[in-house]
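One letter stands for each residue in the lines below.
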Amino acid sequence: MTHNIAVIGGDGIGPEVITEAIKVVRAAGVEISTTDYDLGGARYMRDGEVLSEETLDELRTFDCILLGAVGSPDVPPGVIERGLLLKMRFDMNLYVNVRPFIGTAPGATEPHDFVVIRENTEGPYVGEGGSLREGTPHEVATQGSFNTRMGVERCIRYAFELAMTRERKHLTLVHKTNVLQFSGSLWERTFNEVAEEYPQVETAYNHVDAATIYFVQDPQRYDVIVTDNLFGDILTDLGGAVSGGIGLASSANLNPDRTGPSMFEPVHGSAPDIVGTGKADPRAAILSAAMMLDFLGESEAADRVRAACVDPVTGSTSDVGDSIAVRVRN
Ligand code: IPM
Ligand code: MN
């Protein structure tokens, strides 16, 4: 079966790493048909399009979307991030962001293997708020955090289901219930209620500030973590930093209900400072493509791709892609 993939290389090193990811998927023997979408900062600078409704409707027809990185120093911060990336996450109902981390943290004695399930459509990301008297000494700015029972519950359920598939069957809720009394209470109550349906899953709770210490000093304690959108954003950069670097951090923006495509992207950004130098590590993009293969039901190929990324590889972006492609074929 041929899988139809929409490819958004995007800006900076995005197109470079995505080329390698596609090379490796093909080397794994998976049949894909790709359609390129020219979107991102460069496209916006050329004709003003960030993501039109027509393009969004087209993207909805694919099996999956593979994205490199978007954002460019020429464009005011947030235009592309909100208009393209967040718009896709929200409008396509990509409500869980799955970010796996395997490695040995600098401050730890043993390796870790954990996954962060980040709620991906609510929290402070919804853009609720406004400002008054901007630019004056009396300026006021509010930025709300939006949490619905439905949104929190579907994310937590996904995390319990994932924990059930893993050996340790351990799930930690990360929040800040000691200060964020309203959203924290909703998350905590929902978590505890859903937990009753999964007696086989052992649960824990950490405040997010404490979690940053555990990420560095004792990440082996974690198996699956579930958390709010902004906490998940911050924690997963730290997760990358303690797991071999952001060059390895992969992610999946999933619509688990499969009412539309899911989107797969490396966690790193467009890194305009190294574009064209061949220094970009394509492994985060390749590992994101492996997550895509899992979601497409090609788990055997996905496992082969992941295995091929374990041993060290040296060379330029395309050398690394070539070496991994050779390993995947053998
Ligand atoms: C990420 C990124 C995005 C986010 C930005 C680019 C909007 O940092 O995927 O983690 O904050 O979610
Ligand atoms: Mn981030």
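Because the structure is predicted, anything quoted here is derived from the model rather than measured.

Student: How would you sum up the overall build of the protein chain? Please name residues and give values.
Tutor: When you go through the protein chain residue by residue, the secondary structure sums to eleven helices and twelve strands. For 330 residues, the compact-globule formula gives about 20 Å, and the C-alpha radius of gyration of the protein chain, at 20 Å, lands near that figure. The dimensions of the protein chain, computed from C-alpha atoms along their principal axes, are 50 × 50 × 40 Å. Within the protein chain, the proportion of its 330 residues that are buried is 52%. A separation of at least 24 residues holds for 73% of the contacts in the protein chain among residues at least 6 apart in sequence. On the protein chain, roughly 14600 Å² of surface is accessible, and the fraction owed to carbon and sulfur atoms is 52%. Here the protein chain carries 27 positive and 48 negative side-chain charges, and the mean point of each set is 2 Å from the other.

Student: Tell me what's going on with the sheet that holds strand S9 (residues 202–207), and back it up with residues and numbers.
Tutor: The strand order across the open sheet formed by ten strands is S2-S1-S3-S12-S11-S4-S5-S10-S8-S9, and the pairing between neighbours is mixed. The sheet terminates laterally at strand S2 (32–36) and S9, the two strands that pair on one side only. On average, each strand axis in the sheet is inclined to that of its neighbour by 25 degrees, with strand direction left out of account. As defined by bridge partners, strand S8 (residues 170–175) adjoins S9 across six bridges and the pair is classed as parallel. For His170, the partnering residue across the bridge sits in S9 and is Glu202. Contacts between helix H4 (residues 79–91) and the sheet are confined to strand S1 (3–10), strand S3 (64–69), strand S4 (96–103), strand S5 (112–119), strand S11 (250–254) and strand S12 (262–266), with S12 contributing the most and set at about 140 degrees to the helix. The sheet strands contacting helix H9 (residues 283–295) are S1, S3, S4, S11 and S12, and the helix crosses S12 at an angle near 160 degrees.

Student: Break down the site of ligand 1 for me, with residues and values.
Tutor: The immediate surroundings of ligand 1 are formed by Glu81, Leu85, Arg89, Arg99, Arg118, Tyr125 and Asp233. Here Arg99 contributes a side-chain N or O atom positioned 2.8 Å from an oxygen atom of ligand 1. Within the side chain of Tyr125, an N or O atom sits 2.6 Å from an oxygen atom of ligand 1. Expressed as a share of its isolated accessible area of 320 Å², the protein-covered part of ligand 1 is 76%. With three residues, the top contributor of residues to the shell around ligand 1 is H4. Residue composition of the shell around ligand 1, by class: two nonpolar, no polar and five charged. Counting contributing residues, the shell around ligand 1 receives three or more from each of domain 1 (1–94 + 255–330) and domain 2 (103–246).

Student: So, helix H5 (residues 149–165): which residues are in play, and what are the values?
Tutor: For H5, with 17 residues, the first-to-last C-alpha span of 25 Å sits near the 24 Å given by 1.5 Å per residue. Three or more residues of H5 are buried, namely Gly151, Val152, Glu153, Arg154, Cys155, Ile156, Ala159, Phe160, Leu162 and Ala163.

Student: Give a description of unusual backbone geometry that names residues and reports values.
Tutor: Its identity is not glycine, yet Arg258 carries a phi of approximately 55 degrees, on the positive side. A relative accessible area of 51% means that Arg258 is categorised as exposed. Despite not being glycine, Ala271 has its phi angle at roughly 40 degrees, a positive value. Structurally, Ala271 can be placed in the loop between S12 and H9.

Student: Outline the packing of H5 against helix H6 (residues 181–195), supporting the account with residue identities and numerical values.
Tutor: Close contact between H5 and H6 brings their axes to 10 Å; oriented N to C, the two are set at 45 degrees. By the angle between their axes, H5 is oblique relative to H6. Between H5 and H6 lies a crossing whose hand is right-handed. Contacts between H5 and H6 involve Arg149, Val152, Glu153, Cys155, Ile156, Arg157 and Phe160 from the former and Leu186, Trp187, Thr190, Phe191, Glu193, Val194 and Ala195 from the latter. A per-class count over the contact of H5 with H6 returns nine nonpolar, one polar and four charged.

Student: Could you give an account of the environment of Arg118, with specific residues and numbers?
Tutor: Along the chain, Arg118 falls in strand S5. Separated by 117 residues in sequence, Arg118 and Leu235 have C-alpha atoms that sit 9.4 Å apart. Only 3.2 Å separates the side chain of Arg118 from the side chain of Tyr125, close enough to count as a polar contact. Within the local environment of Arg118, its side chain forms a polar contact with the side chain of Asn229, the two groups lying 2.8 Å apart.

Student: Explain the side chain of Ser183 to me, and be specific about the residues and the numbers.
Tutor: Tracing the backbone shows Ser183 in helix H6. When its relative accessible area of 15% is taken as the criterion, Ser183 is described as buried. Once residues lying within four places of it in the same chain are set aside, the contact partners of Ser183 are Asn147 and His175.

Student: Hey, could you go over the environment of Thr172 for me, with residue numbers and the actual values?
Tutor: By the secondary structure assignment, Thr172 is in strand S8. Given a relative accessible area of 1%, Thr172 falls into the buried group. Considering only alpha carbons, one finds Thr172 and Leu85, 87 residues apart in sequence, at a separation of 27 Å. Those residues in contact with Thr172 that lie beyond four places of it in its chain are Ala204, Tyr205, Asn206, Tyr222, Val224, Ile225 and Val226.

Definitions and cut-offs
- Residues numbered from 1 in each chain as written.
- Chains lettered and ligands numbered in written order.
- Predicted model: local features only at pLDDT ≥ 70, side-chain atom pairs only at ≥ 80, totals over all residues.
- Heavy atoms only, no water.
- Helix = DSSP H or I, 4+ residues; strand = E, 2+ residues; numbered from the N terminus.
- Rg over C-alpha atoms; globule rule 2.2 N^0.38 Å.
- Buried < 20%, exposed > 50% of the residue type's maximum accessible area, 1.4 Å probe, protein only.
- Contact = heavy atoms within 4.5 Å.
- Areas by Shrake-Rupley, 256 points an atom, 1.4 Å probe, with all protein chains shown as cover.
- Lys, Arg positive; Asp, Glu negative; His and termini not counted.
- Charge placed at Lys NZ, Arg CZ, Asp CG, Glu CD.
- Pairing = 2+ DSSP bridges.
- Axes fitted to C-alpha atoms, helices over the stretch in contact; angles between N-to-C directions.
- Near = heavy atom within 4 Å.
- Polar contact = N/O pair within 3.5 Å; in protein donor to acceptor, adjacent residues only side chain to side chain.
- Nonpolar A, V, L, I, M, F, W, Y, C, P; charged D, E, K, R; others polar.
- Domains from an automatic or database assignment.
- Expected span 1.5 Å × (residues − 1).
- Parallel < 35°, antiparallel > 145°, perpendicular 65-115°, else oblique.
- Left-handed = near helix turned anticlockwise from the far one by under 90°.

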